Structure formats: structure tokens, C-alpha cells
Amino acid sequence: MVSIKVVNKGHQKLPAYATEQSAGMDLRANLKEPVTLRPLERCLIGTGLYISLPEGYEAQVRPRSGLALKHGITVLNSPGTIDADYRGEIGVLLVNLSAEDFVINDGERIAQMVISRHEQADFQVVDVLDETERGAGGYGHTGIK
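Rules behind the numbers
- Residues numbered from 1 in each chain as written.
- Predicted model: local features only at pLDDT ≥ 70, side-chain atom pairs only at ≥ 80, totals over all residues.
- Heavy atoms only, no water.
- 1 Å grid on protein atoms, 1.4 Å probe; cavity = no way out; pocket = protein on both sides within 12 Å on 5 of 7 lines; lining within 4 Å.
- Points joined across faces, edges and corners; volume = space filled by probe spheres on them.
- Helix = DSSP H or I, 4+ residues; strand = E, 2+ residues; numbered from the N terminus.
- Nonpolar A, V, L, I, M, F, W, Y, C, P; charged D, E, K, R; others polar.
- Buried < 20%, exposed > 50% of the residue type's maximum accessible area, 1.4 Å probe, protein only.
- Contact = heavy atoms within 4.5 Å.
- Polar contact = N/O pair within 3.5 Å; in protein donor to acceptor, adjacent residues only side chain to side chain.
- Salt bridge = Lys/Arg side-chain N within 4 Å of Asp/Glu carboxyl O.

## Let's talk about the layout of surface pockets
Phase 1: The volume enclosed by the largest pocket comes to roughly 340 Å³.
Phase 2: Residue lining of the largest pocket: 14 residues in total, with Val2, Ile4, Tyr17, Met25 and Ile115 positioned closest to the centre.
Phase 3: Elements that contribute at least two residues to the lining of the largest pocket include exactly strand S5 (49-52) and strand S11 (109-117).
Phase 4: When its residues are assigned to classes, the lining of the largest pocket shows 12 nonpolar, 2 polar and no charged.
Phase 5: In this structure, the second largest pocket occupies an estimated 180 Å³ of space.
Phase 6: Taken together, 13 residues line the second largest pocket, and the ones lying closest to its centre are Asn77, Gly80, Thr81, Ile82 and Gly91.
Phase 7: Class assignment of the residues belonging to the lining of the second largest pocket gives a composition of 8 nonpolar, 4 polar and 1 charged.

The following block contains the structure:
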């Protein structure tokens, strides 16, 4: 388990894992008043949370499946990345892909956050790449099975 420093400037409880094997923690809207998200409208919703991740880690902000299925609400830049050196408020960029207005209330679970280790890459310029069975096939090249 990784230790993460957090400042809670909002009035919601801290994110927590719902079950022992959950990968993500729910993020809650920290609002003074409800926000109505109209069809195809996007809005940055604050959480009141500020974190300090250890070097080599990121936090990924992902949609909640229930909001997506039931209401067409998703995270626009999914997954959103919070870098280890970011110290601003965690915001969730929501979009309404439904045909109905959706009201976001204070304390509502609006996204989930997954903490993940990552590596940085060092590109090595070459003239030719090694051959593989797949080669350049992509975008559905294996067909429908």
C-alpha cells in the first residue's frame, strides 16, 4: 500500500475503497449548490481534495459505470491523469452524453480514482523495428469472431 498525503479543503469525507479488492475510490462532488449538466454540456466539478503523490505514481480519474449506464454521464478526458507534481485541487471533467438534463448534487459520487505506478520512457531512434506476428495490424484487423 502506498501512502498519499491529502489536504481536504472541502466538506466531503476522504475517498475510500468500497471493498477489500476495489481498484478505485469514489470521488465526491464538493459543491455549494447543485449543478445542472445539460445534454452534451461539460463541466469541471471540484472535489475539495489536494494530494501529494510519491514520485513514480499517478492518480487516474475514471468514470463511474453506474452514472454512465443510467444517466450517460462520463469523464470527458478518461482517464484523467493527476501527476505526482500537481498540487492543485482534484477536479473531475464531466460530460452529459444523454438527451436529458442531469443534476449533480453536493456529495454525489461522480468519478473514481485509481492510484497507479508508472515509468517514464527514453526513446531510442532506430531505422527498423523488430518483426512480430501482428505487424502493423490494428483497428479491428483480426475481424469479428
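Following the structure, the description resumes.
## A few points about unusual backbone geometry
As a rule of thumb, non-glycine residues mostly have phi less than zero, and peptide bonds are mostly trans rather than cis.
Phase 1: Backbone torsion omega between Ser78 and Pro79 reads -10°, so that peptide bond is classified as cis.
Phase 2: Checked against the element boundaries, Pro79 lands in the loop between strand S7 (73-75) and strand S8 (80-82).
Phase 3: Even without a glycine there, the phi angle at Leu40 is positive, about 65°.
Phase 4: For Leu40, a relative accessible area of 65% corresponds to the exposed category.

## Quick look at the environment of Val35
Phase 1: Among the structural elements, Val35 can be located in strand S3 (residues 35-37).
Phase 2: Along the sequence, Val35 and Phe102 sit 67 residues apart, while their C-alpha atoms lie 8.3 Å from each other.
Phase 3: Beyond its immediate stretch of four places on either side in the chain, Val35 contacts Cys43, Ile45, Phe102, Val103 and Ile104.

## A short note on the side chain of Asn96
Phase 1: With respect to the helices, strands and loops of the structure, Asn96 is situated in strand S9 (residues 91-96).
Phase 2: With relative accessibility at 0%, the residue Asn96 sits in the buried group.
Phase 3: Among the polar contacts made by the side chain of Asn96, one reaches the main-chain carbonyl oxygen of Leu37 at a distance of 2.8 Å.

## Observations regarding the pattern of salt bridges
Phase 1: For the coordinates displayed, the defined rule picks out 2 salt bridges.
Phase 2: Where Asp26 meets Arg109, a salt bridge forms, and the shortest distance between an N and an O atom there is 3.0 Å. On the criterion of sequence distance, the pair formed by Asp26 in strand S2 (residues 25-28) and Arg109 in strand S11 is long-range, its members being 83 residues apart.
Phase 3: On the basis of relative accessible area, Arg109 is assigned to the partly exposed category, the value being 35%.
Phase 4: Sharing partners across several salt bridges, the network here consists of Asp26, Arg64 and Arg109.

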